[in-house]
Amino acid sequence: MSETDTTGAARAAAFERWANMFTAHKAFSHPSELHGVLCGRLAAGARIDESEWLAMVCEHMGLPETATGESDDLREFMQAAYDQTLALLKAADMSFHPLLPDDDYAIDQRLEALTSWVRGFLEGMALSAGESLGQAPDEIRELIEDMVAISQVSEDEEPDDESEHQLIEIVEYVRLGALAVFTEFNPPEKPAADTPTLH
């Protein structure tokens with residue numbers, strides 16, 4: 001299975017790996033939220049060095065700052081997660097997906113994960129883009145307003161086929177929205193030249 005395999009099974013497995021890591025370290029936060037924060041920061045144009053990213057991980061998971069230094073598995077997992085998330089956001093085939101549980105989970109659990117991811121995304125974007133969000137094009141600002149509304153949705157009614165369908169549509173809207181923000185704040189990378197240039 002390739003690093004950027006985005007079949008449903010691969011995405012489900014990715015969520016389980018994150019969830020297991022959070023459980024193993026007794027984290028009190030939701031893995032979808034941390035993934036959302038990372039995606040928000042990357043989409044808004046930030047690149048985070050390894051030590052800052054690992055500090056963010058510890059803070060979000062409610063762990064002491066030394067946790068990633070003491071746990072090779074957590075450090076290596078999160079470093080790989082960072083690289084893979086950035087690669088998927090950049091992928092020309094738009095294969096990026098938010099980190100969410102699959103439909104084996106109850107709809108209220110999936111909705112909770114989605115609202116956690118969107119809250120994280122908005123937080124990460126605000127951290128990185130700051131005031132420049134105010135100068136973003138209208139469609140990006142509208143998208144952010146929609147995401148704020150999505151982050152506040154709660155599952156009050158009994159789920160039915162209609163709510164299942166709506167959840168799928170909202171996830172797709174959020175997915176494409178995250179890619180739109182990434183495209184807006186991340187100019188295309190210039191192809192690497194074969195010969196080094198001297199400055």
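Further up the page is the structure itself.
These numbers come from a predicted model, not from an experiment.

1. Focus: the layout of surface pockets
If you roll a probe as big as a water molecule over the atoms, it shows you where there is empty space left. Put simply, the second largest pocket is a space of about 400 Å³. When residues of the lining of the second largest pocket are traced back to their parent elements, those giving at least two are α1 (8-24) and α8 (161-185). Ranked by residues supplied to the lining of the second largest pocket, first place goes to α8 with five residues. When grouped by side-chain class, the residues that make up the lining of the second largest pocket number seven nonpolar, two polar and six charged.

2. A word on the nonpolar core
One finds W53, M78, W117 and F121 to be the most contacted residues of the largest nonpolar core, which totals 58 residues. Of all elements in the fold, only α1, α2 (31-43), α3 (50-61), α5 (72-90), α6 (107-129), α7 (138-151) and α8 reach the threshold of two or more residues within this core. With 10 residues, α6 is the single largest residue contributor to this core. Discounting chain neighbours no more than four positions away, the residues touching W53 are L34, L38, I48, M78, Q79 and Y82.

3. So, α7
The terminal C-alpha atoms of α7, which comprises 14 residues, lie 20 Å apart, in line with the 20 Å expected from a rise of 1.5 Å per residue. Those residues of α7 lying buried are I140, L143, I144, M147, I150 and S151. Looking down the long axis of α7, one finds its buried residues gathered within 120° of arc, a one-sided arrangement. In the core, the buried residues of α7 are packed alongside α6 and α8.

Calculation rules
Residues numbered from 1 in each chain as written. Predicted model: local features only at pLDDT ≥ 70, side-chain atom pairs only at ≥ 80, totals over all residues. Heavy atoms only, no water. 1 Å grid on protein atoms, 1.4 Å probe; cavity = no way out; pocket = protein on both sides within 12 Å on 5 of 7 lines; lining within 4 Å. Points joined across faces, edges and corners; volume = space filled by probe spheres on them. Helix = DSSP H or I, 4+ residues; strand = E, 2+ residues; numbered from the N terminus. Nonpolar A, V, L, I, M, F, W, Y, C, P; charged D, E, K, R; others polar. Core = buried A, V, L, I, M, F, W, Y, C linked by side-chain atoms within 4.5 Å. Buried < 20%, exposed > 50% of the residue type's maximum accessible area, 1.4 Å probe, protein only. Contact = heavy atoms within 4.5 Å. Expected span 1.5 Å × (residues − 1). Arc of directions from axis to C-beta.

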